[in-house]
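Tertiary structure, described
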Amino acid sequence: MYLATTDAAATATKVTRGRVGGPVLALGAVSLVTDISSEMVTAVLPLYFVLQLGLSPLQFGFLDGLYNGVTALVRLLGGHAADRGGRHKLVAGAGYALSAFSRLGLLLSGGGTVGIGASIAADRLGKGVRTAPRDALISLSAPPDALGRAFGVHRAMDTTGALLGPLAAFALLWATADAYDAVFVVSFCVGLLGVLMLIVLVPGRTAEPLGRPASAAPARQRGRLLAPLRDADFRRIFGAAALLGAATIGDSFLYLLLQRRLDFAVSWFPLLPLGAAAIYLLLAVPAGRLGDRIGRRVPFLCGHAALLGGYILLLITDAGPVLLVGVLLLLGVFYAATDGVLMALAGPVLPAARRASGMALLQTGQALSRLLAAAGFGAAWTLWGDHSALIAAVVALAVALAAAVFLLPRPERQPSRV
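Note that this is a predicted model, so its numbers are computed, not measured.

With that settled, the discussion passes to the packing of helix H4 (residues 74-83) against helix H15 (residues 355-384). Running from N to C, H4 and H15 cross one another at 170°; their axes reach a closest spacing of 7 Å. The orientation of H4 relative to H15 falls into the category roughly antiparallel. Residues Arg75, Leu76, Gly79, His80, Ala82 and Asp83 of H4 pack against Arg355, Ala356, Ser357, Ala360, Leu361, Gln363 and Thr364 of H15. Looking at side-chain class alone, the contact of H4 with H15 contains five nonpolar, five polar and three charged residues.

Here it is in structure tokens:
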């Protein structure tokens, strides 16, 4: 029995090595199209709120916080619902559909703050609901030894959509003389296309991978939101991710620091995220493949070391080209080496019956810790100034990185044999 299973595993590894399966590519295509839709709206919202509707900075700040912070806890519910009966595609599809139809809410709001806030909340709820089931589908559709490559391919396709979305939005505004309604209509149509692609291209159920069998999770534990934390290795991964997240300041702060150091025109500010995203796009697949070969903890830790390098660069130099290219490059390396790699690191230690719940819990812990980090850095900047706040961020991330070296399980758990 053991030899037969081993031979089958070796055969499956040989067949899948070097390419990514159809379900992963289909999910990547869905994410690409959906991100075009989402980023079209994200790119124009500040202009729409402030210039078109005349919202005050306080109102805009409230809506922006709602837009970015409402997903944290709803991820748990999405993961929990997906694991009950293996309804990953259904729950993910509901999240994609909710985000798509939220664009119609922007059209029907009539410029009212309440209606706009509700539409934005619906979009973020949709994103929170779909993320963990989608990542669980990717994990269940790829063999354990190729998870890094699978997540890398997906994240690269996802980032392609994130790059194309703002370009499409500004092209529409230029062609229609700043008709924001046209952006919302096109965004809705593109988002709806993503939902249809999910329905047609992504299989509803996937075979359980050669990882830990579902029987390892007792039935009485499968329905509990925090059940994945019973596993010691998952607790270590969760703790390391949360600790590093608590020492990671938001990208917006880095871009603001760059603008202060280099004193470039504010009109160039929206292009900064595109630079980091382009690096992420180029390196996501190589980082995933590297993790499959040498262990995923290595690129995950190196990615945070790259982020630490970006912080230090902001402290030690004011040389324009070096600072701009260096920070954006290191930020892109950070995301390429950590985002999908973290999901690939956690996947093998989670049974199929708790895959979405575990990933949702991991993503929620990381998101909440990053919210705390952003609030803490903002307070430090206000009280001590940006230079002192950045020094504190460097120290915090260095300490967290050292602790994560000991926290992350080593060696990574190998898939159990049935």
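It is worth spelling out a nonpolar patch on the surface at this point. Nonpolar side chains collect at one region of the surface, where Leu196, Ile199, Val200 and Leu201 lie side by side and expose about 400 Å² of accessible area between them. Assignment of secondary structure puts Val200 in helix H8 (residues 180-201).

This part is about the confidence of the model for the protein. Mean pLDDT over the protein works out to 82, with 81% of the residues at or above the 70 mark. Overall, residues 1-17 carries pLDDT values under 50, and its contacts beyond four positions in sequence, including any with other chains, amount to ten contacts.

Let us look at helix H5 (residues 88-108). Counted at 1.5 Å a residue, the expected span for H5 with its 21 residues is 30 Å, and the 31 Å between its end C-alpha atoms agrees. When we look at burial in H5, the residues that qualify are His88, Lys89, Val91, Ala92, Gly93, Gly95, Tyr96, Ser99, Ala100, Ser102, Arg103 and Leu106.

A few words now on the environment of Arg155. For Arg155, the position within the fold is in helix H7 (residues 147-175). Overall, Arg155 belongs to the buried group, its relative accessible area being 5%. For the pair Arg155 and Leu283, spaced 128 residues apart in sequence, the C-alpha separation works out to 9.9 Å. In terms of polar contacts, Arg155 uses its side chain to reach the side chain of Asp339, at 3.2 Å.

Procedures and definitions
Residues numbered from 1 in each chain as written. Predicted model: local features only at pLDDT ≥ 70, side-chain atom pairs only at ≥ 80, totals over all residues. Heavy atoms only, no water. Axes fitted to C-alpha atoms, helices over the stretch in contact; angles between N-to-C directions. Helix = DSSP H or I, 4+ residues; strand = E, 2+ residues; numbered from the N terminus. Parallel < 35°, antiparallel > 145°, perpendicular 65-115°, else oblique. Contact = heavy atoms within 4.5 Å. Nonpolar A, V, L, I, M, F, W, Y, C, P; charged D, E, K, R; others polar. Patch = residues over 30% accessible without salt bridge, like charges linked within 9 Å, V, L, I, M, F, W, Y side chains within 5 Å. Areas by Shrake-Rupley, 256 points an atom, 1.4 Å probe, with all protein chains shown as cover. Salt bridge = Lys/Arg side-chain N within 4 Å of Asp/Glu carboxyl O. pLDDT = per-residue confidence, 0-100. Expected span 1.5 Å × (residues − 1). Buried < 20%, exposed > 50% of the residue type's maximum accessible area, 1.4 Å probe, protein only. Polar contact = N/O pair within 3.5 Å; in protein donor to acceptor, adjacent residues only side chain to side chain.

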